[in-house]
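The primary structure of each chain is shown beneath.
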Amino acid sequence: MSLESYNFETQAVRTQTEKTQFLEHSTPMYLTSGFVFEDSEEMRAAFAEEKERNLYSRFSNPNTTEFVDKMCKLEGAEDGYAFATGMAAVFSTFAALLDAGDHIISARSVFGSTHSLFTKYLPKWNIETSYFKVAEVNTVESLIQSNTKIIYAESPTNPGVDVLDLEALGAIAKKHNLLLIIDNCFATPYLQNPIKFGADLVIHSATKLIDGQGRVLGGVTVGKKELIREIYLFSRNTGPALSPFNAWVLSKSLETLSVRADRHCENALKLAEFLESHPKVNWVKYPFLKTHPQYEVAKKQMKLGGNIVAFEVKNGVEGGKTFFDSIQMCSLSANLGDTRTIVTHPASTTHSKLATEDKLAVGITDGMVRCSVGLEHIDDIIADIEQALEEI
C-alpha cells in the first residue's frame, strides 16, 4: 500500500525523510547551517534549481522538509513552507502574495497580532482590510472590490471559538477568483481540513497543539504548489525559516497528535458541559456544545470540537481578577494547546492592543476567559476551575 492510502495516524507516524547509510529508525537531527557540494558544476546546478537538493538551512533542511511533508499529507496539500513562528507564517504568506494597493476581506474575529498586521503594518503598503462578522458569511460578497485578492479567516476563532462555514467561503472565493486562506491552528489537520472545503492555503501556528507540550515555536503554510512557490521565494530572501531542531521536535510531535487531540477534546467537552450549569458563569462557547451558535457547521466540518473553551465569569473585571488569582493548578499563560491546562484573560493579554469597540465586536468582554484544556485528569481540571469560580 502507498503511504497516501493509510489513515491519518499512520501517515503522521510513517512519513519520514530518506534514511541515511545508517538505516536509522527515527529521523536524526540535521543541525547544520549549510551543505557541501562535490564540485562547481553540482553547486551551480543546485543554485540554478536544475537539481533538487539542500543548499542552506534557511532554504531547506531534511528536518524541515520532513515536517512540511507530514503537514502536506495530513492537510491534503500540494506543498508547504515552515516558519520560525505562526505569525511569521501569517505575515510571510500575505507579504509574498499581495501587492501595493490590494485588498483583503477578513473575518472580524482574528488573533490580536493578525489584527495589528492588518491595521498597522499592511496599510503602509496601501493594503487595506474589510471585515465581516463571523456569523454573517453571507455579507462577504458585498465587501468584494476590484482590487480584492484574499479572503481570510480563522476557524475556530481566537479567542471566542466561533466557527465559520468554510464551504460557503470556499464557494465565494471560487466564484470571484479570490484566494481563500484559513488559519487552522485551533483545529489542527486532525480535526479539520480546510482544503476540502475550498481553501487555497492553510496556516498553522505549530507552537500550539502540533507541538502540544509548550516546548518550541513554529509555523507552517501549506496549499497549492504555485502559491507556495511565491511564499518560498519570499521567505528564502527574507529569512523567517524554521530551525532544524524545532522542525525535528514538531515532526515527532505529529506522531502523537491524534492521541493527544482525542483526550484534549474529551476533556474540553466535559469542562464546557460543567461550566454551562455553573451559577458564576454567564455564558460558555465550545464548538461541540449544542448551544454553540454554529454547532451544526462545526459538526459538518470538524471531527471533534478542539481543546479551547471560552466562557464569561460574573462581575466583569473584578470577577475575572478574582478568578485568575484563585487558580491553583492550571497555568496562567498566553500560550495554548499545551499538555497543561491554561487559562488566559484575552482582554488584558493576547488581545490587549485592540480598541475597546473592537474587542466587544468579537465578543471579548472584561470577564471572558479562554481555557486551553490540557491532558490532566478531567476531575482535577474541573475541581480547580470550580474552586476559583466559588471565590467570585
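Quick look at the structure, then. Please read these numbers as outputs of a predicted model, since none were measured by experiment. (Residues numbered from 1 in each chain as written. Predicted model: local features only at pLDDT ≥ 70, side-chain atom pairs only at ≥ 80, totals over all residues. Heavy atoms only, no water.)

This part is about the overall build of the protein. The secondary structure content of the protein amounts to 15 helices and 12 strands. With respect to the three principal axes, the spread of C-alpha positions in the protein is 75 × 50 × 35 Å. Per-residue burial over the protein gives 56% buried out of 392 residues. Sequence-distant contacts in the protein: of pairs separated by 6 or more residues, those separated by 24 or more amount to 72%. Split by element, the accessible area of the protein, about 16900 Å² in all, is 51% carbon and sulfur. (Helix = DSSP H or I, 4+ residues; strand = E, 2+ residues; numbered from the N terminus. Buried < 20%, exposed > 50% of the residue type's maximum accessible area, 1.4 Å probe, protein only. Contact = heavy atoms within 4.5 Å. Areas by Shrake-Rupley, 256 points an atom, 1.4 Å probe, with all protein chains shown as cover.)

Counting buried positions along strand β7 (residues 219-223) yields five of five residues, so the element is predominantly enclosed. Bridge count between strand β1 (residues 79-83) and β7: five bridges; the pairing is antiparallel. The residue bridging Y81 from the neighbouring strand is T221, located in β7. Alignment of strand β6 (residues 201-205) against β7, held across five bridges, turns out to be antiparallel. (Pairing = 2+ DSSP bridges.)

On to the packing of aromatic side chains, then. Applying the stated rule across the entire model yields 11 aromatic pairs. With a centroid separation of 5.4 Å and an interplanar angle of 85°, the aromatic rings of F323 and F324 are classed as edge-to-face. Three or more aromatic residues joined by ring pairs form one cluster here, namely Y81, F83 and Y232. (Phe/Tyr/Trp six-rings, centres within 6.5 Å; stacked < 30°, edge-to-face > 60°.)

The next subject is the sheet that holds strand β5 (residues 179-183). Spatially, β1-β7-β6-β5-β4-β2-β3 is the arrangement adopted by the seven strands of the open sheet, whose pairing is mixed. At either margin of the open sheet sits one strand with a lone partner, and together these are β1 and β3 (128-132). For this sheet, the mean angle separating the axes of adjacent strands, direction not counted, is 20°. Sheet strands in contact with helix α4 (residues 86-97) are β1, β2 (103-107), β4 (148-154), β5, β6 and β7, and its direction is about 150° off that of β6. Strands in contact with helix α9 (residues 225-238) are β1, β5, β6 and β7; relative to β1, the strand with the most contacts, it is inclined by about 30°. (Axes fitted to C-alpha atoms, helices over the stretch in contact; angles between N-to-C directions.)

For the largest pocket, the calculated volume is near 1100 Å³. The wall of the largest pocket is formed by 33 residues, among which E52, R53, N54, S60 and T65 lie closest to the centre. If you list the elements that add at least two residues to the lining of the largest pocket, you get α3 (62-75), β1 and α9. Looking at which element gives the most residues to the lining of the largest pocket, the answer is α3, with six residues. Its residues assigned to classes, the lining of the largest pocket comprises 14 nonpolar, seven polar and 12 charged. Considered as a void within the structure, the second largest pocket measures approximately 360 Å³ in volume. Together, 23 residues line the second largest pocket, and M87, F111, N158, S205 and K208 are the ones closest to its centre. If you list the elements that add at least two residues to the lining of the second largest pocket, you get α4 and β6. Taken together, the residues of the lining of the second largest pocket sort by class into 10 nonpolar, nine polar and four charged. (1 Å grid on protein atoms, 1.4 Å probe; cavity = no way out; pocket = protein on both sides within 12 Å on 5 of 7 lines; lining within 4 Å. Points joined across faces, edges and corners; volume = space filled by probe spheres on them. Nonpolar A, V, L, I, M, F, W, Y, C, P; charged D, E, K, R; others polar.)

Moving on: the state of the cysteines. Tallied over the full model, the rule gives zero disulfides. Not engaged in a disulfide, the cysteine C72 finds its nearest cysteine sulfur in C185; these two sulfurs lie 17 Å apart. Taking the relative accessible area as the measure of exposure, C72 reaches 8% and is therefore buried. Counting only cysteine sulfurs, C330 is the nearest neighbor of C371, a cysteine outside any disulfide, at a range of 5.9 Å. (Disulfide = S-S within 2.5 Å.)

A few words now on the pattern of salt bridges. In the structure shown here, the tally under the stated rule is 20 salt bridges. For K149, the salt bridge is made with D99, and the minimal N-O distance between the two is 3.5 Å. Within this pair, whereas K149 is found in strand β4, its partner D99 is found in the loop between α4 and β2, the two being separated by 50 residues in sequence. When its relative accessible area of 23% is taken as the criterion, K149 is described as partly exposed. Across the pair K224 and D200 runs a salt bridge whose closest N-O atoms are separated by 2.8 Å. Of this pair, K224 sits in the loop between β7 and α9 while D200 sits in the loop between α8 (188-191) and β6, and the two are 24 residues apart along the sequence. Residue D200 is classed as buried on the basis of its relative accessible area of 8%. (Salt bridge = Lys/Arg side-chain N within 4 Å of Asp/Glu carboxyl O.)

Looking now at empty space enclosed by the protein. All told, the structure shown has two cavities of 30 Å³ or more when counted by the stated rule. Roughly 40 Å³ of internal volume is contained in the largest cavity. Lining the largest cavity are R108, V110, H115, L354, D358 and V362. For the lining of the largest cavity, the residue count by class is three nonpolar, one polar and two charged. Within this model, the second largest cavity holds a volume of roughly 30 Å³. Forming the boundary of the second largest cavity are P156, V161, F186, P287, M302, G305, G306, N307 and I308. Here the residues of the lining of the second largest cavity sort into six nonpolar, three polar and no charged.

All right, on to α3 then. Relative to the 20 Å expected for 14 residues at 1.5 Å per residue, α3 spans 20 Å between its end C-alpha atoms, a close match to the ideal helical length. Of all 14 residues in α3, 11 are buried; the element is thus mostly enclosed. Taken residue by residue, α3 has P62, N63, T64, E66, F67, V68, K70, M71, C72, L74 and E75 as its buried positions. For α3, the elements touching its buried residues are α1 (8-14), β1, α8, β6, β7 and α10 (244-254). For α3, the N-terminal capping position is held by N61, with its side-chain oxygen 2.8 Å away from the main-chain nitrogen of N63. Downstream of α3 by one or two residues, G76 has phi in the positive range, about 75°. (Expected span 1.5 Å × (residues − 1). Polar contact = N/O pair within 3.5 Å; in protein donor to acceptor, adjacent residues only side chain to side chain.)

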